[in-house]
Amino acid sequence: MSAIDPRTVLLLTGIMGGLMSLVLYSLKRNYPASIEGLGDWSAALLLLFAGGLLVAGRGKLPNVVSISVSSFLLWSGLYLAYVGSQRFFGVKPRIAPWMALITGLALVQLWFSVVEPSYHMRLVLTTVATACLSGVHAWLVFRQGSITFSRGLAVGVLVFLFGAQVMRLVTSFSAPFPLNAEFFDTSTLQLTYITSFAFSVLLFSISAVLMATDRLRIELEHLANHDSLTNALTRRHMDDACRSELERCRRHGHSMALLIMDLDHFKEINDIYGHQAGDQALINFVARVNALLRGPDQLGRFGGEEFVALLPETSLDEAIAVAERIRGACTLAGQAPACTVSIGVTTNRKDNDSVDTLLARADAALYRAKAAGRNRVEVA
Ligand SMILES: Nc1nc2c(ncn2[C@@H]2O[C@H](COP(=O)(O)OP(=O)(O)OP(=O)(O)O)[C@@H](O)[C@H]2O)c(=O)[nH]1
C-alpha cells in the first residue's frame, strides 16, 4: 500500500502540464513565426491534460470514456508532441497514417474494455503504443546535431518514458495480475508507472520551452551578427573578432591579415541597372568571396559597398594572393551587372598594432588602389 494517491499525482501534474501549455501558447504568440512547433506542443499538453483527467475519473465515468477515449487523447497528445518536435526541427509530419494507427489502437483498446474486458491486454497496448511514440520522438530529437542541455533533457525524458513503458510491459508478464486487477491498483509498481508518465510529460514541456528559448537566442545572435542583405558579418561582430584574433596572434607571435574591399563605381551600377540589381551584386560579391576564403577566415560588411576580410594565421604574401584571387574572381564574374573591386591589404607587424591601426593602414592602401585606377590590390 502506498500513501500517495495516483489520482492526486495525475491531477497535480495535469494542472502543471495545463499551465505549461499556456506558457508554450504565449511563446507561440510572441516568438518569431520561424520557430515552429510551439502550437503543437501547447495543444499536445492540453490533450494529455484532458486524457489524464479522464483516466483519473476511472470508476466514476463510463469505461468507454475513462479507458478508450482517454487512451485516444493520451496517444494523440504524445503524437502531437512528436509533430511539434518535427515542425520545430523542420521535418514534415505525416499526420494521416499516424492518426489512423492511433485510432485503430484506440478501437482495439475499446474491444478489450467493453467486448472482451482484459486489463492485461489494455496494459500491453498502452505500454507498446507509449513506448513507440516516445521512442521515435527521442530518436528524432537525438539526431538533430550536437546535444545542448535543452535537447539532452528532452532526449533523456523521452528515453526514460520509453524505458518505463518497456519495464512495465515486461513486469506485466513476469508478475501476472490478479483477475480483479485495476488501473488504480495502489501497488508501488503501478504508482511508479503512473508517476513516471506524468512527470515525463511535465519535464518534456519544460525541455520544449528551453529548446524554443535556445532557438530564439540563436536567431537573435544571428540577426545581431549578420547583415540582413548579404548575410556577411556585421561591423560589430568583425570589430570583436579582429580584436580577439589580434590578441591571440600577439600571444603566439603569429601574423594575421586584414583586407578592405570596396566595389568600384558602385553608384553607376545602381544608376544604370537599378537599386535591386545593386543589391544582387552585393549578395553575389559576398557569396563569391566566401567561396574563396578558408574556414577560419571571416568576411564582414563595414558599410554600403565596403567589406573587410579577417584572415588569421596569414602572412602578407598569402594575403596578397587571396586578395588577387578575389579581385580576379570579380573581374571574371559572368553575372550582370559586372563589377570590379579594389582591395587594401595589411598584416600586423608591431606589438603595439591595434585593430584601428590595421584598419587605417588597409584603408590607406585601398585609397591608393582607387587612386591608381581601381580594380587593383595595394599593400600597406
Ligand atoms: N543597391 C545598393 N546600393 C548601395 C547599398 N549601400 C550603398 N549603396 C550605394 O553604393 C554607392 C556607393 O557610391 P560611392 O561611395 O560614390 O562609391 P562608388 O560609386 O563605388 O565609387 P568608388 O568607390 O570610388 O569606386 C552609393 O550610390 C550607395 O547608394 C546597398 O545596400 N544596396
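Residues numbered from 1 in each chain as written. Predicted model: local features only at pLDDT ≥ 70, side-chain atom pairs only at ≥ 80, totals over all residues. Heavy atoms only, no water.

Here L22 shows up in helix α1 (residues 6–30). With relative accessibility at 56%, the residue L22 sits in the exposed group. (Helix = DSSP H or I, 4+ residues; strand = E, 2+ residues; numbered from the N terminus. Buried < 20%, exposed > 50% of the residue type's maximum accessible area, 1.4 Å probe, protein only.)

A word on the state of the cysteines. Put plainly, two cysteines are in a disulfide when a covalent bond ties their sulfur atoms together. Taken as a whole, this structure holds zero disulfides when the rule is applied. Note on C242: no disulfide assigned, nearest cysteine sulfur contributed by C249 at a separation of 10 Å. Residue C330 stays outside any disulfide, its sulfur separated by 7.0 Å from that of C339, the closest cysteine. (Disulfide = S-S within 2.5 Å.)

This part is about the UniProt feature "transmembrane region" (unreviewed entry) in the chain. The sites that carry the UniProt feature "transmembrane region" (unreviewed entry) are, in the present numbering, residues 6–26, 38–57, 63–83, 95–114, 120–141, 153–171 and 191–212. Secondary structure content for residues 6–26 is 100% helix and 0% strand, and the end C-alpha separation is 30 Å. Here residues 38–57 runs as 95% helix and 0% strand, with 29 Å between its end C-alpha atoms. (UniProt positions renumbered as here; feature names shortened; annotations may be inferred.)

Here the domain parsing of the chain yields domain 1 (6–225) and domain 2 (235–379). Averaged C-alpha coordinates put domain 1 and domain 2 at centres separated by 53 Å. (Domains from an automatic or database assignment.)

Taken together, 17 residues are adjacent to the ligand, and H265, F266, D279, R301 and R374 come closest. Taking D262, its side chain carries an N or O atom lying 3.0 Å from an oxygen atom of the ligand. When isolated, the ligand has an accessible area of 670 Å², and the protein chains bury 66% of it. Secondary-structure elements contributing two or more residues to the shell around the ligand are β1 (257–263), α9 (266–273) and α10 (275–292). Looking at the shell around the ligand residue by residue, the class counts come to four nonpolar, five polar and eight charged. (Near = heavy atom within 4 Å. Polar contact = N/O pair within 3.5 Å; in protein donor to acceptor, adjacent residues only side chain to side chain. Areas by Shrake-Rupley, 256 points an atom, 1.4 Å probe, with all protein chains shown as cover. Nonpolar A, V, L, I, M, F, W, Y, C, P; charged D, E, K, R; others polar.)

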